[in-house]
Amino acid sequence: MKKLLIICGLLFSVVTFAQAQEGQGQRQGGRGMGTPEERAKRQTEQLAEKLKLSDDQKAKVSAIYLEQGTSMAKLREEAKGDRAAMTAAMAKANEATDTKVTALLNDDQKKAFATWKEERKELMKKRMEGRGQGGPGAPKP
């Protein structure tokens with residue numbers, strides 16, 4: 001009986017420790033998405049692949065996404081608890097970022113960028129629909 005209690009205690013400790021580590025990693029990296037630098041690099045690489053960006057364009061796009069990442073982190077901190085205000089501010093920041101990126105592109109790249117944004121919008125819409133149908137974060141019946 002004593003061994004069983006010790007084993008249960010150890011198991012509980014391991015699970016608790018693992019969850020604490022996972023939560024800490026998410027807070028440090030902006031909800032599990034990585035640092036602003038990592039996100040800027042990932043977004044720049046995606047656009048470079050989709051739009052065939054020049055080296056100069058890559059550098060400018062990376063700077064834009066890095067600026068956006070740091071401003072988004074600041075918005076999250078300022079709007080703690082007020083989800084509606086945070087969502088509105090982030091949507092506005094995303095529009096400004098898209099405008100800056102679009103200004104750097106040629107006509108063919110602009111068309112491809114618009115298509116890519118629509119694909120991402122549809123993907124997000126599907127994810128949100130999945131949440132409403134019993135996915136993660138959906139309310140329990």
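Figured I'd write up the structure that's included with this text. (Residues numbered from 1 in each chain as written. Predicted model: local features only at pLDDT ≥ 70, side-chain atom pairs only at ≥ 80, totals over all residues. Heavy atoms only, no water.)

**What about the overall build of the protein chain?**
As a reminder of what qualifies: Segments assigned H or I by DSSP are reported as helices when at least four residues long, segments assigned E as strands when at least two residues long, and all are numbered from the N terminus. Computed by Shrake-Rupley with a 1.4 Å probe, the accessible areas treat only the displayed protein chains as cover when residues are assessed.
When you go through the protein chain residue by residue, the secondary structure sums to five helices and zero strands. Along its sequence from the N terminus, the protein chain presents helices and strands in the succession α-α-α-α-α. Surface accessibility of the protein chain: about 10,800 Å² in total, with carbon and sulfur atoms responsible for 58%.

**Topic: the packing of helix H3 (residues 55-78) against helix H4 (residues 83-103)**
Let me state the cut-off plainly: Axis lines are fitted through C-alpha atoms, for helices just across the contact stretch, and the angle between N-to-C directions can take any value from 0 to 180 degrees. Angle categories: roughly parallel below 35 degrees, roughly antiparallel above 145, roughly perpendicular from 65 to 115, and oblique for all the rest. Working rule for contacts: check all heavy atoms of both residues, and any pair within 4.5 Å makes them a contact. In this classification, the charged set is Asp, Glu, Lys and Arg, the nonpolar set is Ala, Val, Leu, Ile, Met, Phe, Trp, Tyr, Cys and Pro, and all remaining amino acids, among them Gly, are polar.
Close contact between H3 and H4 brings their axes to 10 Å; oriented N to C, the two are set at 170°. Between H3 and H4, the crossing angle belongs to the class labelled roughly antiparallel. Where H3 abuts H4, its residues Val61, Ile64, Tyr65, Glu67, Gln68, Met72, Leu75 and Arg76 lie against Met86, Ala89, Met90, Ala93, Asn94, Thr97, Lys100 and Val101. A class-by-class count of the residues in the contact of H3 with H4 yields ten nonpolar, three polar and three charged.

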